[in-house]
Amino acid sequence: MLQVKNLEVFYDSARALNGVSLEVREGQCISIVGSNGAGKSTLMKAISGLQPSSKGSIHFLGEDITRKKAHDVTPLGICYVLEGRGLFRSMTVLDNLNLGAYHYYKRKNLPEIEQRRKSVFERFPILKKREKQLAGTLSGGEQQMLAIGQAIMARPKLLLLDEPSMGLAPLIVKDIFRVILELKRQGTTVLIVEQNARLALSVSDYAYVMERGQITLEGPGKELMSNEKVLEAYLGGS
Ligand code: ATP
């Protein structure tokens, strides 16, 4: 579904990605783990068209999207839930959800939009209760739910989730990951960037470890969990 080959990204003269290659197959849950500053978010931004790359290529469903901008990438089915969530804080929960569907917001699509909104509210009932509340006044967990809800509204084929567990209480994290796995079961492909390596690896079919802008290890999630180097660096030893 997604093929990234030899990708390089610079911020001015600083190289953030140095020859990154990875593959995501349809229907899988893939994670990228690594410490602060490894380049995980930069990779997500490059895939979603928010950050240009200087070398390498990105193909999605056979189409070369390397030079495409975010507004052209989203309608293809790639939805990026940003670290820090990227919501419109001064707009209501409902308006934030509707904005997720902006790229196909036409009269003939209203039944689908309504159906998707209903499914978001079923998955996250708290959002229904808060539908008229401003997004900026939601709790951290509710904001993460809204950000995922907004992505569901956008008809994702590939969902990019940047640190979905960041700053959240364990029970909320459990809830968020329950929905992520449910989306996967229903056919959405998921690429997760996480600092919580244990959590990410435990739910992933396949995973990549990133260090200083490069992929240094890869393998099935559960296999990497018992890899000595991963245990030492990301899982607090054996
Ligand atoms: P974290 O988990 O802390 O978010 P990360 O693995 O997602 O880290 P990135 O945010 O991709 O890492 O950052 C990779 C490198 O690029 C870091 O050295 C960072 O300082 C740098 N960087 C990221 N964004 C910018 C920017 N807008 N301008 C300049 N440098 C940047």
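Because the structure is predicted, anything quoted here is derived from the model rather than measured. (Residues numbered from 1 in each chain as written. Predicted model: local features only at pLDDT ≥ 70, side-chain atom pairs only at ≥ 80, totals over all residues. Heavy atoms only, no water.)

Below, the discussion takes up the sheet that holds strand 2 (residues 14-24). Ordered in space as 2-1-4-5, the four strands form an open sheet in which the pairing is antiparallel. Of all the strands in the sheet, just strand 2 and strand 5 (63-64) have a single pairing partner and so form its edges. Along the sheet face, helix 1 (residues 40-47) touches strand 1 (2-11), strand 2 and strand 4 (55-60) and points at about 115° away from the line of strand 1. (Pairing = 2+ DSSP bridges. Helix = DSSP H or I, 4+ residues; strand = E, 2+ residues; numbered from the N terminus. Contact = heavy atoms within 4.5 Å. Axes fitted to C-alpha atoms, helices over the stretch in contact; angles between N-to-C directions.)

As a packed pair, helix 3 (residues 93-100) and helix 4 (residues 110-123) sit with axes 11 Å apart at the nearest point and diverge in direction by 125°. Our classification of the angle between helix 3 and helix 4 gives oblique. Both helix 3 and helix 4 take part in a crossing whose hand is right-handed. Only R117, V120 and F121 of helix 4 make contact with helix 3, whose side of the interface consists of L94, L97 and N98. Here the residues of the contact of helix 3 with helix 4 are counted per class, giving four nonpolar, one polar and one charged. (Parallel < 35°, antiparallel > 145°, perpendicular 65-115°, else oblique. Left-handed = near helix turned anticlockwise from the far one by under 90°. Nonpolar A, V, L, I, M, F, W, Y, C, P; charged D, E, K, R; others polar.)

Here we take up the side chain of E142. Examined against the element boundaries, E142 turns out to sit in helix 6 (residues 140-153). At 3.0 Å, the side chain of E142 and the backbone nitrogen of S139 are in polar contact. Those residues in contact with E142 that lie beyond four places of it in its chain are I126, L127 and R130. (Polar contact = N/O pair within 3.5 Å; in protein donor to acceptor, adjacent residues only side chain to side chain.)

Our focus in this paragraph is the site of the ligand. In the vicinity of the ligand there are 13 residues, among which N36, G37, K40, S41 and T42 approach most closely. Between the ligand and the protein, one listed contact pairs an oxygen atom with a side-chain N or O atom of T42 at 2.5 Å. Calculation on the ligand without its partners gives an accessible area of 630 Å², and the protein chains cover 59% of this total. In terms of residues, the shell around the ligand owes the most to one element, helix 1, which gives three residues. Across the shell around the ligand, the residue classes tally to three nonpolar, seven polar and three charged. (Near = heavy atom within 4 Å. Areas by Shrake-Rupley, 256 points an atom, 1.4 Å probe, with all protein chains shown as cover.)

As a further point, take the sheet that holds strand 10 (residues 214-219). The six strands are arranged 6-7-8-3-9-10 in an open sheet whose pairing can be described as mixed. A strand with exactly one partner marks an edge of an open sheet, and here the two such strands are strand 6 (78-81) and strand 10. On average, each strand axis in the sheet is tilted by 20° relative to the strand beside it, whichever way the strands run. Note that strand 9 (residues 206-211) and strand 10 share five bridges and pair antiparallel. The residue of strand 10 that forms the bridge with M210 is I215.

Accessible area lost on assembly of the parts is the figure often given for the size of an interface. When cut into domains, the protein gives domain 1 (1-77 + 156-237) and domain 2 (84-155). For domain 1 versus domain 2, the separation of C-alpha centres amounts to 23 Å. Each partner contributes residues to the interface: domain 1 has 20 residues there, and domain 2 has 16 residues. In this assembly, domain 1 packs against domain 2 so that about 1400 Å² is buried in total across both faces, 67% of it on carbon and sulfur atoms. When the buried area of domain 1 at its contact with domain 2 is split by residue, P156, I176 and V179 rank highest and sum to 31% of it. At the surface where domain 1 touches domain 2, the tally comes to one salt bridge. Between E182 and R123 there is a salt bridge, and its shortest N-O distance comes to 3.1 Å. On inspection of domain 1 and its partner domain 2, the count reaches three residue pairs in polar contact (both at pLDDT 80 or more). When residues of the side of domain 1 that touches domain 2 are traced back to their parent elements, those giving at least two are strand 7 (158-162) and helix 7 (170-185). (Domains from an automatic or database assignment. Buried area = accessible area lost by both parts, 1.4 Å probe. Salt bridge = Lys/Arg side-chain N within 4 Å of Asp/Glu carboxyl O.)

Okay, the pattern of salt bridges next. Summed over all chains, the structure comprises 13 salt bridges. As a salt-bridge pair, K128 and E131 come within 3.0 Å of each other at their nearest N and O atoms. Its relative accessible area of 15% is what places E131 among the buried residues. One salt bridge in this structure joins E182 and R178, with 3.6 Å as the shortest N-O distance. Residue E182 and its partner R178 are both found in helix 7; the two are separated by four residues, about one turn of the helix. A network of salt bridges, in which partner residues are shared, links R123, D175, R178 and E182. (Buried < 20%, exposed > 50% of the residue type's maximum accessible area, 1.4 Å probe, protein only.)

What follows covers the nonpolar core. Inside soluble globular proteins, nonpolar side chains tend to come together where they are buried. By size, the foremost hydrophobic cluster in this structure holds 36 residues, and its most contacted members are L127, L146, L161 and I192. Only strand 6, helix 3, helix 4, helix 6, strand 7, helix 7, strand 8 (189-194) and helix 8 (197-203) provide two or more residues apiece to this core. The greatest single-element share of this core, amounting to seven residues, is contributed by helix 6. Split by domain, the residues of this core number at least three in each of domain 1 (1-77 + 156-237) and domain 2 (84-155). Ignoring anything within four residues of it in the chain, the contact list for I192 reads C29, I30, S31, I32, M44, L161, P164, F177, I180 and V203. With 28 residues, the next largest nonpolar core counts V4, L17, L22 and I78 among its residues. (Core = buried A, V, L, I, M, F, W, Y, C linked by side-chain atoms within 4.5 Å.)

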